[in-house]
Amino acid sequence: MSHTDLGLATDLSGQVALVTGASQGLGKACAERLAECKAHVVCAARSVDKLQATVEGIVAAGGSAEVVACDVGSKESIAEVFANIEAKHQRLDILLNNAGITRDTLLPRMSDEQWEDVIQTNLTSCFLCCRAASRIMMGARYGRIINMASVSGLIGNPGQTNYSASKAGMIGLTRSLSRELGKRKITVNAIAPGFIESDMTKALGDDILKEVKKRIPANRLGHPDDVAAVAVFLASPAASYITGQVITVDGGMTV
Ligand code: NAP
(Lines give C-alpha, C1' and ligand atoms only; values in the text may rest on other atoms or scores of the structure.)
Protein backbone atom coordinates (compact mmCIF):
# COMPACT_ATOMS: atom_id res chain seq x y z
CA MET A 1 0.00 0.00 0.00
CA SER A 2 1.39 3.42 -0.81
CA HIS A 3 0.56 6.40 1.35
CA THR A 4 -1.54 7.89 -1.45
CA ASP A 5 -4.09 5.12 -0.82
CA LEU A 6 -4.83 6.34 2.70
CA GLY A 7 -6.97 9.29 1.64
CA LEU A 8 -6.01 11.31 4.72
CA ALA A 9 -8.06 14.48 4.79
CA THR A 10 -7.08 15.83 8.20
CA ASP A 11 -5.68 19.35 8.23
CA LEU A 12 -3.01 19.78 10.88
CA SER A 13 -1.66 23.08 9.51
CA GLY A 14 0.18 25.16 12.07
CA GLN A 15 0.57 22.23 14.46
CA VAL A 16 3.86 20.85 15.74
CA ALA A 17 4.26 17.10 16.27
CA LEU A 18 7.08 15.23 17.97
CA VAL A 19 7.57 11.63 16.83
CA THR A 20 10.14 9.52 18.66
CA GLY A 21 11.71 6.65 16.75
CA ALA A 22 11.05 8.40 13.43
CA SER A 23 14.19 7.02 11.79
CA GLN A 24 12.48 3.88 10.45
CA GLY A 25 9.49 1.55 10.65
CA LEU A 26 6.25 2.67 12.26
CA GLY A 27 7.62 5.98 13.51
CA LYS A 28 8.84 6.95 10.06
CA ALA A 29 5.46 6.15 8.51
CA CYS A 30 3.65 8.13 11.21
CA ALA A 31 5.98 11.12 10.72
CA GLU A 32 5.38 11.03 6.96
CA ARG A 33 1.61 10.82 7.30
CA LEU A 34 1.44 13.61 9.92
CA ALA A 35 3.53 15.80 7.61
CA GLU A 36 1.23 14.91 4.72
CA CYS A 37 -1.56 16.44 6.84
CA LYS A 38 0.59 19.59 7.09
CA ALA A 39 1.88 19.26 10.65
CA HIS A 40 5.49 20.31 11.19
CA VAL A 41 7.12 17.11 12.41
CA VAL A 42 10.07 16.98 14.80
CA CYS A 43 11.66 13.62 13.99
CA ALA A 44 13.61 12.17 16.92
CA ALA A 45 15.86 9.10 17.26
CA ARG A 46 19.54 8.22 17.70
CA SER A 47 20.41 7.55 14.02
CA VAL A 48 20.78 11.03 12.60
CA ASP A 49 21.54 9.80 9.06
CA LYS A 50 18.31 7.81 8.90
CA LEU A 51 16.35 10.72 10.39
CA GLN A 52 17.86 12.96 7.74
CA ALA A 53 16.50 10.60 5.07
CA THR A 54 13.04 10.69 6.70
CA VAL A 55 13.06 14.48 6.75
CA GLU A 56 14.36 14.77 3.18
CA GLY A 57 11.54 12.50 2.01
CA ILE A 58 8.96 14.62 3.85
CA VAL A 59 10.34 17.89 2.46
CA ALA A 60 10.53 16.44 -1.07
CA ALA A 61 6.83 15.57 -0.76
CA GLY A 62 6.03 19.17 0.18
CA GLY A 63 5.95 18.73 3.96
CA SER A 64 7.82 20.29 6.84
CA ALA A 65 10.04 18.44 9.30
CA GLU A 66 13.27 18.63 11.23
CA VAL A 67 15.84 16.22 12.64
CA VAL A 68 16.45 16.02 16.37
CA ALA A 69 19.05 13.62 17.74
CA CYS A 70 17.62 12.00 20.85
CA ASP A 71 18.30 8.95 22.97
CA VAL A 72 15.03 8.33 24.81
CA GLY A 73 16.99 6.17 27.24
CA SER A 74 18.54 9.37 28.56
CA LYS A 75 16.62 11.78 30.78
CA GLU A 76 18.97 14.60 29.80
CA SER A 77 18.52 13.96 26.08
CA ILE A 78 14.73 14.07 26.40
CA ALA A 79 14.89 17.28 28.47
CA GLU A 80 17.04 18.88 25.77
CA VAL A 81 14.59 17.95 23.01
CA PHE A 82 11.67 19.53 24.85
CA ALA A 83 13.68 22.64 25.76
CA ASN A 84 14.55 23.06 22.07
CA ILE A 85 10.95 22.58 20.96
CA GLU A 86 9.76 25.21 23.44
CA ALA A 87 12.49 27.66 22.41
CA LYS A 88 12.01 27.16 18.67
CA HIS A 89 8.26 26.58 18.30
CA GLN A 90 6.69 27.66 21.61
CA ARG A 91 4.17 24.88 21.17
CA LEU A 92 3.70 21.13 20.93
CA ASP A 93 0.34 19.89 19.69
CA ILE A 94 1.02 16.21 19.07
CA LEU A 95 3.33 13.78 20.87
CA LEU A 96 3.79 10.29 19.49
CA ASN A 97 5.79 8.10 21.87
CA ASN A 98 6.88 5.47 19.38
CA ALA A 99 10.56 4.68 20.08
CA GLY A 100 10.86 1.16 21.39
CA ILE A 101 13.07 -1.91 21.59
CA THR A 102 12.80 -5.62 22.27
CA ARG A 103 15.30 -7.78 24.19
CA ASP A 104 13.47 -11.10 23.92
CA THR A 105 14.31 -14.15 25.99
CA LEU A 106 12.49 -16.46 28.38
CA LEU A 107 12.20 -15.04 31.89
CA PRO A 108 14.51 -17.50 33.71
CA ARG A 109 17.29 -16.44 31.34
CA MET A 110 16.53 -12.72 31.33
CA SER A 111 19.35 -10.53 32.61
CA ASP A 112 18.79 -7.45 34.75
CA GLU A 113 20.14 -5.43 31.84
CA GLN A 114 17.62 -6.87 29.36
CA TRP A 115 14.81 -5.99 31.76
CA GLU A 116 16.09 -2.51 32.56
CA ASP A 117 16.90 -1.54 28.95
CA VAL A 118 13.39 -2.35 27.78
CA ILE A 119 11.64 -0.65 30.71
CA GLN A 120 13.86 2.43 30.36
CA THR A 121 13.55 2.78 26.58
CA ASN A 122 9.87 1.91 26.24
CA LEU A 123 8.17 2.92 29.50
CA THR A 124 10.32 5.43 31.38
CA SER A 125 10.80 7.43 28.17
CA CYS A 126 7.03 7.48 27.74
CA PHE A 127 6.64 8.88 31.27
CA LEU A 128 9.32 11.53 30.70
CA CYS A 129 7.97 12.64 27.32
CA CYS A 130 4.35 12.66 28.53
CA ARG A 131 5.32 14.76 31.55
CA ALA A 132 7.26 17.28 29.48
CA ALA A 133 4.58 17.45 26.77
CA SER A 134 1.69 17.76 29.21
CA ARG A 135 3.30 20.83 30.79
CA ILE A 136 3.33 22.55 27.37
CA MET A 137 -0.10 21.27 26.34
CA MET A 138 -1.77 22.25 29.62
CA GLY A 139 -0.76 25.86 29.00
CA ALA A 140 -2.26 25.70 25.52
CA ARG A 141 -5.33 23.76 26.70
CA TYR A 142 -4.94 21.50 23.68
CA GLY A 143 -2.97 18.41 22.85
CA ARG A 144 -2.85 14.93 21.45
CA ILE A 145 -0.68 12.29 23.11
CA ILE A 146 -0.40 8.92 21.39
CA ASN A 147 1.55 6.05 22.91
CA MET A 148 2.69 3.16 20.74
CA ALA A 149 1.93 0.12 22.88
CA SER A 150 1.53 -3.42 21.53
CA VAL A 151 -0.83 -6.39 21.63
CA SER A 152 1.97 -7.89 23.73
CA GLY A 153 0.92 -5.47 26.46
CA LEU A 154 -2.65 -6.76 26.24
CA ILE A 155 -2.34 -10.53 25.80
CA GLY A 156 1.34 -11.20 26.54
CA ASN A 157 3.84 -13.15 24.48
CA PRO A 158 6.32 -15.83 25.58
CA GLY A 159 9.86 -14.48 25.57
CA GLN A 160 8.62 -10.92 26.02
CA THR A 161 7.93 -10.48 29.74
CA ASN A 162 10.04 -7.31 29.76
CA TYR A 163 8.48 -5.93 26.58
CA SER A 164 4.91 -6.90 27.59
CA ALA A 165 5.39 -5.28 30.99
CA SER A 166 6.65 -2.08 29.36
CA LYS A 167 3.72 -1.96 26.93
CA ALA A 168 1.13 -2.80 29.62
CA GLY A 169 2.73 -0.02 31.67
CA MET A 170 2.28 2.40 28.78
CA ILE A 171 -1.39 1.42 28.61
CA GLY A 172 -1.89 2.07 32.33
CA LEU A 173 -0.08 5.40 32.01
CA THR A 174 -2.30 6.30 29.03
CA ARG A 175 -5.52 5.57 30.90
CA SER A 176 -4.55 7.46 34.06
CA LEU A 177 -3.14 10.46 32.20
CA SER A 178 -6.28 10.70 30.05
CA ARG A 179 -8.25 11.14 33.27
CA GLU A 180 -5.87 13.87 34.47
CA LEU A 181 -5.86 15.86 31.23
CA GLY A 182 -9.38 15.40 29.87
CA LYS A 183 -10.68 18.74 31.12
CA ARG A 184 -7.88 20.58 29.33
CA LYS A 185 -8.87 19.26 25.90
CA ILE A 186 -5.82 17.00 25.81
CA THR A 187 -6.49 13.45 24.68
CA VAL A 188 -4.22 10.55 25.57
CA ASN A 189 -4.60 7.28 23.67
CA ALA A 190 -2.57 4.19 22.88
CA ILE A 191 -2.23 2.13 19.74
CA ALA A 192 -1.63 -1.61 20.13
CA PRO A 193 -0.21 -2.93 16.88
CA GLY A 194 -0.07 -6.66 16.24
CA PHE A 195 2.61 -7.88 13.83
CA ILE A 196 3.63 -5.08 11.47
CA GLU A 197 6.30 -5.29 8.74
CA SER A 198 9.44 -3.64 10.14
CA ASP A 199 12.99 -4.43 11.22
CA MET A 200 11.57 -5.39 14.64
CA THR A 201 9.40 -8.18 13.19
CA LYS A 202 11.98 -9.14 10.53
CA ALA A 203 14.24 -10.11 13.43
CA LEU A 204 11.76 -12.87 14.34
CA GLY A 205 12.72 -14.84 11.22
CA ASP A 206 10.64 -16.36 8.40
CA ASP A 207 9.57 -19.52 10.25
CA ILE A 208 8.03 -17.67 13.19
CA LEU A 209 6.41 -15.11 10.88
CA LYS A 210 4.82 -17.93 8.84
CA GLU A 211 3.26 -19.32 12.02
CA VAL A 212 2.20 -15.84 13.15
CA LYS A 213 0.40 -15.23 9.85
CA LYS A 214 -1.79 -18.28 10.47
CA ARG A 215 -3.13 -16.56 13.62
CA ILE A 216 -4.08 -13.35 11.78
CA PRO A 217 -7.58 -13.35 10.24
CA ALA A 218 -6.47 -10.69 7.72
CA ASN A 219 -3.88 -13.27 6.57
CA ARG A 220 -1.04 -10.78 6.33
CA LEU A 221 1.30 -8.78 8.47
CA GLY A 222 0.31 -5.15 8.90
CA HIS A 223 1.93 -2.35 6.92
CA PRO A 224 3.35 0.63 8.84
CA ASP A 225 0.73 2.78 7.12
CA ASP A 226 -2.02 0.68 8.74
CA VAL A 227 -0.76 2.03 12.04
CA ALA A 228 0.02 5.54 10.77
CA ALA A 229 -3.59 5.97 9.60
CA VAL A 230 -4.79 5.41 13.17
CA ALA A 231 -2.13 7.72 14.60
CA VAL A 232 -3.24 10.49 12.23
CA PHE A 233 -6.88 9.96 13.17
CA LEU A 234 -6.10 10.10 16.90
CA ALA A 235 -4.06 13.27 16.28
CA SER A 236 -6.90 14.91 14.38
CA PRO A 237 -9.66 17.22 15.62
CA ALA A 238 -12.11 14.45 14.62
CA ALA A 239 -10.87 12.34 17.56
CA SER A 240 -11.50 15.00 20.23
CA TYR A 241 -14.01 12.80 22.13
CA ILE A 242 -11.76 9.73 22.19
CA THR A 243 -9.39 9.49 25.14
CA GLY A 244 -7.93 6.83 27.41
CA GLN A 245 -8.45 4.22 24.69
CA VAL A 246 -6.27 1.47 23.30
CA ILE A 247 -6.85 0.99 19.57
CA THR A 248 -5.72 -2.42 18.42
CA VAL A 249 -4.34 -2.62 14.87
CA ASP A 250 -3.68 -6.32 14.39
CA GLY A 251 -5.68 -7.68 11.46
CA GLY A 252 -8.08 -9.31 13.93
CA MET A 253 -5.43 -11.39 15.71
CA THR A 254 -6.68 -10.68 19.24
CA VAL A 255 -10.44 -10.91 18.60
P1 NAP B 1 12.01 -0.55 14.64
O2 NAP B 1 11.93 -0.68 13.17
O3 NAP B 1 12.98 -1.38 15.40
O4 NAP B 1 12.23 1.00 14.99
C5 NAP B 1 12.40 1.40 16.32
C6 NAP B 1 12.57 2.91 16.36
O7 NAP B 1 12.79 3.29 17.72
C8 NAP B 1 13.74 3.38 15.55
O9 NAP B 1 13.43 4.58 14.90
C10 NAP B 1 14.81 3.60 16.61
O11 NAP B 1 15.70 4.63 16.18
C12 NAP B 1 13.97 4.07 17.77
N13 NAP B 1 14.66 3.88 19.04
C14 NAP B 1 15.02 2.72 19.64
N15 NAP B 1 15.70 2.98 20.76
C16 NAP B 1 15.79 4.33 20.88
C17 NAP B 1 16.38 5.21 21.81
N18 NAP B 1 17.05 4.76 22.88
N19 NAP B 1 16.26 6.55 21.59
C20 NAP B 1 15.61 7.02 20.52
N21 NAP B 1 15.02 6.25 19.60
C22 NAP B 1 15.12 4.91 19.78
O23 NAP B 1 10.61 -0.85 15.32
P24 NAP B 1 9.11 -0.66 14.80
O25 NAP B 1 8.59 -1.98 14.42
O26 NAP B 1 9.01 0.48 13.86
O27 NAP B 1 8.42 -0.29 16.18
C28 NAP B 1 8.08 1.04 16.54
C29 NAP B 1 7.24 0.98 17.81
O30 NAP B 1 6.08 0.18 17.57
C31 NAP B 1 7.95 0.35 19.01
O32 NAP B 1 7.59 1.01 20.19
C33 NAP B 1 7.41 -1.06 19.03
O34 NAP B 1 7.44 -1.64 20.31
C35 NAP B 1 5.99 -0.83 18.55
N36 NAP B 1 5.38 -2.03 17.98
C37 NAP B 1 5.84 -2.57 16.82
C38 NAP B 1 5.23 -3.71 16.31
C39 NAP B 1 5.68 -4.35 15.02
O40 NAP B 1 5.11 -5.41 14.68
N41 NAP B 1 6.61 -3.83 14.30
C42 NAP B 1 4.18 -4.29 16.99
C43 NAP B 1 3.73 -3.72 18.17
C44 NAP B 1 4.33 -2.58 18.65
P45 NAP B 1 17.29 4.64 16.45
O46 NAP B 1 17.75 3.22 16.49
O47 NAP B 1 17.77 5.43 15.30
O48 NAP B 1 17.46 5.35 17.74
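Look up a bit, the structure's there.
Novice: Residues and numbers for the pattern of salt bridges, please.
Specialist: This model, assessed by the stated rule, comprises eight salt bridges. In this structure, Arg91 engages Asp93 in a salt bridge whose closest nitrogen and oxygen atoms are separated by 2.9 Å. In this structure Arg91 comes out as partly exposed when scored by relative accessible area, which is 37%. We classify Asp93 as buried; its relative accessible area is 6%. For Lys202, the salt bridge is made with Asp199, and the minimal N-O distance between the two is 3.5 Å.

Novice: Pulling in residues and values, what's your account of a positive patch on the surface?
Specialist: A surface patch of like charges, here positive, comprises Arg141, Lys183, Arg184 and Lys185. As for its placement among the helices and strands, Lys183 is situated in the loop between helix H6 (161-181) and strand E6 (186-193).

Novice: Which residues make up the site of the ligand, and what values do they have?
Specialist: Lining the immediate environment of the ligand, one finds 31 residues, of which Ser23, Ser47, Asn98, Tyr163 and Ser198 sit closest. At a separation of 2.7 Å, an oxygen atom of the ligand approaches a polar side-chain atom of Arg46. Across the complex, the protein chains shield 93% of the 870 Å² of accessible surface that the ligand would expose by itself. Secondary-structure elements contributing two or more residues to the shell around the ligand are helix H1 (25-36), H6 and helix H7 (199-202). Ranked by residue count, the leading element in the shell around the ligand is H7, at three residues.

Conventions we followed
Residues numbered from 1 in each chain as written. Predicted model: local features only at pLDDT ≥ 70, side-chain atom pairs only at ≥ 80, totals over all residues. Heavy atoms only, no water. Salt bridge = Lys/Arg side-chain N within 4 Å of Asp/Glu carboxyl O. Buried < 20%, exposed > 50% of the residue type's maximum accessible area, 1.4 Å probe, protein only. Patch = residues over 30% accessible without salt bridge, like charges linked within 9 Å, V, L, I, M, F, W, Y side chains within 5 Å. Areas by Shrake-Rupley, 256 points an atom, 1.4 Å probe, with all protein chains shown as cover. Lys, Arg positive; Asp, Glu negative; His and termini not counted. Charge placed at Lys NZ, Arg CZ, Asp CG, Glu CD. Helix = DSSP H or I, 4+ residues; strand = E, 2+ residues; numbered from the N terminus. Near = heavy atom within 4 Å. Polar contact = N/O pair within 3.5 Å; in protein donor to acceptor, adjacent residues only side chain to side chain.

Any functional reading would require information that these geometric values do not contain.
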